[in-house]
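# What the coordinates show
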Amino acid sequence: MKKSRTAALAVVGAMSVALALSGCSSSSGSTSSGPVTLQLWTGFTGGDRPGYAQIVKDFNASHKDVQVKLTVESWDTITQKLPSAWLTGSGPDIAAPSSDPNAIADYVKTNSLLPITNTGSGDSKINTSDLIKSTIDEYTYNGKLYAVPANYTTLSLYYNKKLFAAAGITNPPTTVAEMATDAQKLTKGGVYGISLADNATIQMWPVLQWLEGGDIVNSNNCSVVQTAAGQKSLETWANLVAKDKVSPVGQTGAQADSLFSAGKAAMEINGPWAAPGYKSAGIDLGIATIPTGVDGKSVTLGSTAPLAISAKTKYPKQAQEFLAYYTSKAVQKKFSLTTGFPSVRTDLNDDPQIKADPTISTFSSQEADARLYLPKVPNATKVDTDGETTLIGQITRGTSIATATKAAQSTINGLTGCSQ
Amino acid sequence: MTSEITGTAPSRVTRGGAVPPASAESPARRRRRRPRIAPWLFMAPSAIILGVFVLFPIVRSLYYSFFDWTVGASTQPFVGFGNYIKLFHDSQFWNALRVTLEYTVVSVVLLLVLGFITALLLQGESLANRIVRSVFFFPTIVSLVTIGMVWKFLLDPSIGLVDGLAATLGLPSVAWLTSVHLALPTVIFVGVWKSTGFAMILFIAGLKGVPQERYEASNLDGAGRWQTIWSITLPSIRPTLLFTSLILTIQSFQVFDLVYVMTGGGPLYATDSLVNLLYRDGFVNFQTGYASAISWVLFAIIMIISLLQLRLFRYNDVD
């Protein structure tokens, strides 16, 4: 009796130790001689998700010795889990760390990434010269390439044909001045001329600033929002929003999208992922290229997510093989045609089938005029949230441009380390 | 007060029931000692889990707060009180502290008042009372995240139900969550809406504990309704009042879920609470050291305010 009780107590104690330890045990990959399994994490949850899943499925079918396991979670989750996962060696072999290309800089700093060496021509290599050049520049540090683009697209101008017709406007605007006039004309009866978002969003305001001849930082990473040109570039749209109420103030990306898909806004600047939702919401949708800016030139935002390999992967060769497959011409063409997204390759733009698709061609035709947002700017994420987002939030709520840009300039320069 | 404690505490001798023998190892004593392992073993699972998942992280966060600790960085330099000094000069911290204080003061006062009033009205045990009570209590059992999401949709100025109702009444749509002036009051409203039922239940429990004779006595003395509430009810439920305000204060100071879901701290940091700031610095910007410093300052503030509340209600006094 007494003995059994002691034994029971011992079991309780042992169990508790086991329970506590199980929380920190690290699982190791299988060492059996079967096919190699590569873990892949991405945050592609939108309408393009099936396209990425198809790439993985096709790869697995054609590569018996390497199997890729795709895990899709929200960008928030990936951004939170990945740094510690990669540092402790328990993370995935390959991942798209963030939809923010600047994320690569941080991972390079912590030596978390494998330099990509399998480049060259032919289907088994990564054809870097055929991939969007700005992304390859963005992902190259000290002469070494650390990622390939997992996707690449430009932003276009979405417009509601029904609302345009009701306002007596026949065509989408072709210049930024026309866009401003149209936005005013379309704002009436509970409808906004344009749906602008300034936080938690794909960047719409930088496009407007570029169109009006301004920018956020110069090539030395010093803020230029307070310069004469910088202040002037903010004036038109800040006034249109603050005084003429052409757009609600302070919207997140999701709110801006729902306003447009509810038929309560006539225009929006957005990427191809938004098109299926708007169509199924019954919007008589038009997609046009971004109007030309005050200097007569076109400019839009290039949006990309990187695809990188963990420095601690056990299968660097196979992981690079997957990247080569992922970025290859045939695979990207199939992806583009099934998802309506432009591809990460420049040599597909002339492909007759892709050219024939009006949505893809609208987005891919602007590639030459697209700029990445804050490329290689130190602390880019904070420059965006504390500098740009705050600046736009203030001027659209009526703070004077001089006051707001002064504060933004000092915040941004403090973050980028610019001293002038 | 102190004499009471020493006076009633049983001595070892009386508890053992016998004077221990002078010799070291009597058989009786050996038998008594063995089972003493049992409590420890039974406590072990909780103690280990608590140690690994609560105590260790707490100690660790204090340690981090003295370093410029960035997740993933190759070096984690020691900065002493650097993070705390930086905090002192950080306008975002002061903004978050102001927002948190506003949120806490307004919420706690409203909750105490509304909780007490609803408790007075609904303390009876009739069926109607029970039903209304359940309705009031219902939001308490729903997760804050769910409530935040639902209210966010309800208040959306373009697609929300509130906007739709306003439109049918000919009222303009209001940017409840994107206006710098309205966002915090709106979040406070939702927080109060959720927790009123909780405060009410605590007060009802307190009210049930008030001896009926006191009411009868005050009735005999000819006290009016308000006088009874002021002179009998409120003093009698002082422990409940203290407990409720303490719990609500601590809860409000740690407001995060609601803010994170409804506004994300925006617009322009108008609803950026301390925990939201802590979350952003720690889990978005990976500045663990700085975030740890914020959490310890938050802890200190809650500690001080709780002590003040205890003092205010003179809880140490003999009732």
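This one's a predicted model, so the numbers in the text were calculated from it and none came from an experiment.

Now for the packing of helix α7 (residues 176–186) of chain A against helix α9 (residues 228–242) of chain A. The packing of two helices is summarised by the inter-axis angle and the distance between the axes. Residue and element names in this part refer to chain A. Two elements in contact, α7 and α9, have axes separated by 11 Å at closest approach and are oriented at 10°. If you check the angle between α7 and α9, you find them roughly parallel. Facing α7, whose interface residues are Val176, Met179, Ala180, Ala183 and Gln184, α9 presents Thr236, Trp237 and Leu240. Of the residues in the contact of α7 with α9, the class split is 6 nonpolar, 2 polar and no charged.

Residues and elements named next belong to chain A. By domain assignment, chain A separates into domain 1 (36–152 + 304–371) and domain 2 (156–301 + 375–416). A separation of 28 Å is found between the C-alpha centroids of domain 1 and domain 2. Between domain 1 and domain 2, the residue contacts involve 17 residues of the former and 22 residues of the latter. When the area that domain 1 buries against domain 2 is broken down by residue, the three leading residues are Phe363, Gln366 and Arg371, summing to 39%. Linking domain 1 with domain 2 are 1 salt bridge. For Arg371, the salt bridge identified is with Asp215, shortest N-O distance 3.4 Å. Here domain 1 and domain 2 share 8 residue pairs in polar contact (both at pLDDT 80 or more) between them. Considering each element in turn, the side of domain 1 that touches domain 2 owes the most residues, 3 residues, to helix α15 (residues 358–364). Of the residues assigned to the side of domain 1 that touches domain 2, the class counts are 5 nonpolar, 7 polar and 5 charged.

A separate point is the pairing of strand β11 (residues 300–309) of chain A. When a strand is regular, its side chains alternate between the sheet's two faces. All names here are of chain A. Where burial is concerned, most of β11 is hidden: 10 out of the 10 residues are buried. Here strand β3 (residues 94–95) pairs with β11 via 2 bridges, running antiparallel. The residue of β11 that forms the bridge with Ala95 is Ala308. Note that strand β6 (residues 147–154) and β11 share 7 bridges and pair antiparallel. Bridge pairing in β11 places Asn151 opposite Ala305. Here β11 pairs with strand β12 (residues 370–371) via 2 bridges, running parallel. Paired with Thr300 across the strands is Ala370, a residue of β12.

Here the focus is the packing of helix α15 (residues 274–284) of chain B against helix α16 (residues 288–312) of chain B. All names here are of chain B. Two numbers describe how α15 lies on α16: the axes approach to 8 Å, and their chain directions differ by 160°. Looking at the two axes, α15 sits roughly antiparallel to α16. Where α15 crosses over α16, the handedness of that crossing is left-handed. Taking contact as the criterion, the partners of Leu274, Val275, Leu277, Leu278, Asp281 and Gly282 in α15 are, on α16, Tyr290, Ala291, Ile294, Ser295, Leu298 and Ile301. Residue composition of the contact of α15 with α16, grouped by class: 9 nonpolar, 2 polar and 1 charged.

Okay, the state of the cysteines next. All names here are of chain A. Counted under the stated rule, the structure contains 1 disulfide over all chains. Across the disulfide, Cys222 is cross-linked to Cys418 (sulfur-sulfur distance 2.0 Å). Disulfide Cys222-Cys418: the torsion about the S-S bond is 100°, which places it as right-handed. Of this pair, Cys222 sits in the loop between α8 (205–211) and α9 while Cys418 sits in the segment after α17 (401–416), placing them 196 residues apart in sequence. Accessibility classification places Cys222 together with Cys418 in one group, the buried group.

Our focus in this paragraph is empty space enclosed by the protein. It is the rolling of a water-molecule-sized probe over the atoms that shows where space remains empty. Within this structure, the stated rule accounts for 2 cavities of 30 Å³ or more. The computed volume of the largest cavity comes to approximately 50 Å³. Partitioned by chemical class, the residues of the lining of the largest cavity number 7 nonpolar, 4 polar and 1 charged. Estimates place the volume of the second largest cavity at around 50 Å³. Its residues placed into classes, the lining of the second largest cavity shows 3 nonpolar, 2 polar and 2 charged.

Looking at chain B as a whole, its pLDDT mean stands at 85, while 87% of the residues score no less than 70. Taken as a whole, residues 1–21 of chain B scores under 50 in pLDDT and shows 5 contacts with residues more than four places along the chain or in a different chain.

Criteria and thresholds
- Residues numbered from 1 in each chain as written.
- Chains lettered and ligands numbered in written order.
- Predicted model: local features only at pLDDT ≥ 70, side-chain atom pairs only at ≥ 80, totals over all residues.
- Heavy atoms only, no water.
- Axes fitted to C-alpha atoms, helices over the stretch in contact; angles between N-to-C directions.
- Helix = DSSP H or I, 4+ residues; strand = E, 2+ residues; numbered from the N terminus.
- Parallel < 35°, antiparallel > 145°, perpendicular 65-115°, else oblique.
- Contact = heavy atoms within 4.5 Å.
- Nonpolar A, V, L, I, M, F, W, Y, C, P; charged D, E, K, R; others polar.
- Domains from an automatic or database assignment.
- Buried area = accessible area lost by both parts, 1.4 Å probe.
- Salt bridge = Lys/Arg side-chain N within 4 Å of Asp/Glu carboxyl O.
- Polar contact = N/O pair within 3.5 Å; in protein donor to acceptor, adjacent residues only side chain to side chain.
- Buried < 20%, exposed > 50% of the residue type's maximum accessible area, 1.4 Å probe, protein only.
- Pairing = 2+ DSSP bridges.
- Left-handed = near helix turned anticlockwise from the far one by under 90°.
- Disulfide = S-S within 2.5 Å.
- 1 Å grid on protein atoms, 1.4 Å probe; cavity = no way out; pocket = protein on both sides within 12 Å on 5 of 7 lines; lining within 4 Å.
- Points joined across faces, edges and corners; volume = space filled by probe spheres on them.
- pLDDT = per-residue confidence, 0-100.

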